[in-house]
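Next come the chains, spelled out residue by residue.
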Amino acid sequence: MKNYNVAVVGATGAVGNEMIRILEERNFPVEKLTLLASERSIGKELSFRGRSVPVEMLTESSFAGIEIGLFSAGGSLSEKFAPIAARAGCVVIDNTNAFRMTPEIPLVVPEVNPEAIALYKNRGIIANPNCSTIQMVVALKPIHDAVRIKRIVVSTYQAVSGTGKKAIEELSLQTQALMNCKEPVVKVYPHRIAFNCLPHIDVFLDNGYTKEEMKMVNETKKILNDPSIAVTATTVRVPVFYAHSESVNIETEKKITPDEVRSLLSTAPGVRVVDNPQWNQYPLAIDAAGHDETLVGRIREDESIPNGINMWVVADNIRKGAALNAIQIAEILIRKYL
């Protein structure tokens, strides 16, 4: 098998760290790994396959000889550097919101629409969806194929790691302060996150939704290639370190029973059904954290409508919601297209 020169852009961030770890875990055929970040990270070294790799400064000349670029350094940097990398012959897999809704750029979840990867040739860029969208469509794709989903109502309970390392630290420090009867410091979020829930992720838009909520609406339609699906979302930040949880309600065109949903999902790629409520077994954030599967449980009929199903969907937002999804895209890319 050919080995590839791979760059991780945003290597020192939470997702960048996880990308490096997963490249090693999955034995991705890396010839040379280049770690790129901002000037303030120069001098740092990160471990890969038992050796230290220096972090280099991201510049316009960083992509000479790079074949695959895993980007997770923020939308503005992707907007600037992803086209530069693509012109240098690098296929970019971008984890930001910069290109997700660009029509000619594929938005890919490998378990859902792997065929879209072929469209990377349009611009040399493949977009990685939003973390909360990824786990939801992994769970819904087999149902949509079987009975067609007409409407989705989703409420998310999202971990602070989705915001990054500073948010993880803030939750930890606020928790410690409150447990020691001290006033917590609030910097990352507009309100205290410790022992609290914030119905506010990303900026508010003119329609009253947040940008995060509209990402889920628009990305779901693009990934499932069905603009007629009605989607509404409420996204909430909760005091959990890792793994997003979602309450998902769907209305389907044809009737499907909870047992049929369990049967479909039990053989679906990337899904693990955890649904034995009589034994208090259902998906938990602490069980999903650090694992690759999307966990689905609390599968039950919505008795308020003729063809409705409720479910609870949980996945590690840093792994399947970001780093793992990107590397799974890269694995298909090298296997079928490069």
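Everything below is about the structure shown above.
Below you will find a few notes about this structure. Please read all numbers here as calculations on a predicted model, not as lab measurements.

Rules behind the numbers
- Residues numbered from 1 in each chain as written.
- Predicted model: local features only at pLDDT ≥ 70, side-chain atom pairs only at ≥ 80, totals over all residues.
- Heavy atoms only, no water.
- Helix = DSSP H or I, 4+ residues; strand = E, 2+ residues; numbered from the N terminus.
- Rg over C-alpha atoms; globule rule 2.2 N^0.38 Å.
- Buried < 20%, exposed > 50% of the residue type's maximum accessible area, 1.4 Å probe, protein only.
- Contact = heavy atoms within 4.5 Å.
- Areas by Shrake-Rupley, 256 points an atom, 1.4 Å probe, with all protein chains shown as cover.
- Lys, Arg positive; Asp, Glu negative; His and termini not counted.
- Charge placed at Lys NZ, Arg CZ, Asp CG, Glu CD.
- 1 Å grid on protein atoms, 1.4 Å probe; cavity = no way out; pocket = protein on both sides within 12 Å on 5 of 7 lines; lining within 4 Å.
- Points joined across faces, edges and corners; volume = space filled by probe spheres on them.
- Nonpolar A, V, L, I, M, F, W, Y, C, P; charged D, E, K, R; others polar.
- Polar contact = N/O pair within 3.5 Å; in protein donor to acceptor, adjacent residues only side chain to side chain.

**Comments concerning the overall build of the chain**
Each helix and strand in the chain was counted, giving eight helices and 13 strands. For 338 residues, the compact-globule estimate of 2.2 N^0.38 gives 20 Å, and the chain sits close to it at 20 Å. Oriented by its inertia axes, the alpha-carbon framework of the chain measures out at about 60 × 55 × 40 Å. Out of the 338 residues belonging to the chain, those deemed buried represent 54%. When contacts within the chain are restricted to residue pairs at least 6 apart in sequence, those whose partners lie at least 24 apart make up 66%. Summing over all exposed atoms, the chain offers an accessible surface of approximately 15100 Å²; the carbon and sulfur share of this is 50%. Distance between charge centres in the chain, computed from 37 positive and 38 negative side chains, equals 3 Å.

**Digging into the layout of surface pockets**
In this structure, the largest pocket spans a volume of roughly 1400 Å³. Every residue lining the largest pocket is counted, 49 residues in all, and those nearest its centre are Ser-72, Gly-74, Gly-162, Thr-163 and Gly-164. Broken down by secondary-structure element, the contributors of at least two residues to the lining of the largest pocket are α1 (14-25), α2 (75-87), α4 (165-179), α5 (211-223) and α8 (319-336). Partitioned by chemical class, the residues of the lining of the largest pocket number 16 nonpolar, 22 polar and eleven charged. Looking at the second largest pocket, it is lined by 14 residues, and the ones nearest its centre are Asn-113, Ala-116, Lys-222, Ile-223 and Asn-225. The class makeup of the residues in the lining of the second largest pocket is nine nonpolar, two polar and three charged.

**A word on the side chain of Asn-113**
One can find Asn-113 in the loop between β6 (91-94) and β7 (125-127). Within the structure, the side chain of Asn-113 is placed 2.8 Å from the backbone oxygen of Leu-107, a separation counted as a polar contact.

**Focus: unusual backbone geometry**
The backbone phi angle of Arg-148 is positive, close to 55 degrees, even though this residue is not glycine. With respect to the helices and strands, the residue Arg-148 is situated in the loop between α3 (131-147) and β8 (149-158). Looking at Arg-148, the relative accessible area reads 23%, which means it is partly exposed. The backbone of Asn-225 sits at a positive phi, close to 55 degrees, despite the residue not being glycine. Structurally, the position occupied by Asn-225 is in the loop between α5 and β9 (230-237). By relative accessible area, Asn-225 is classed as exposed at 67%.

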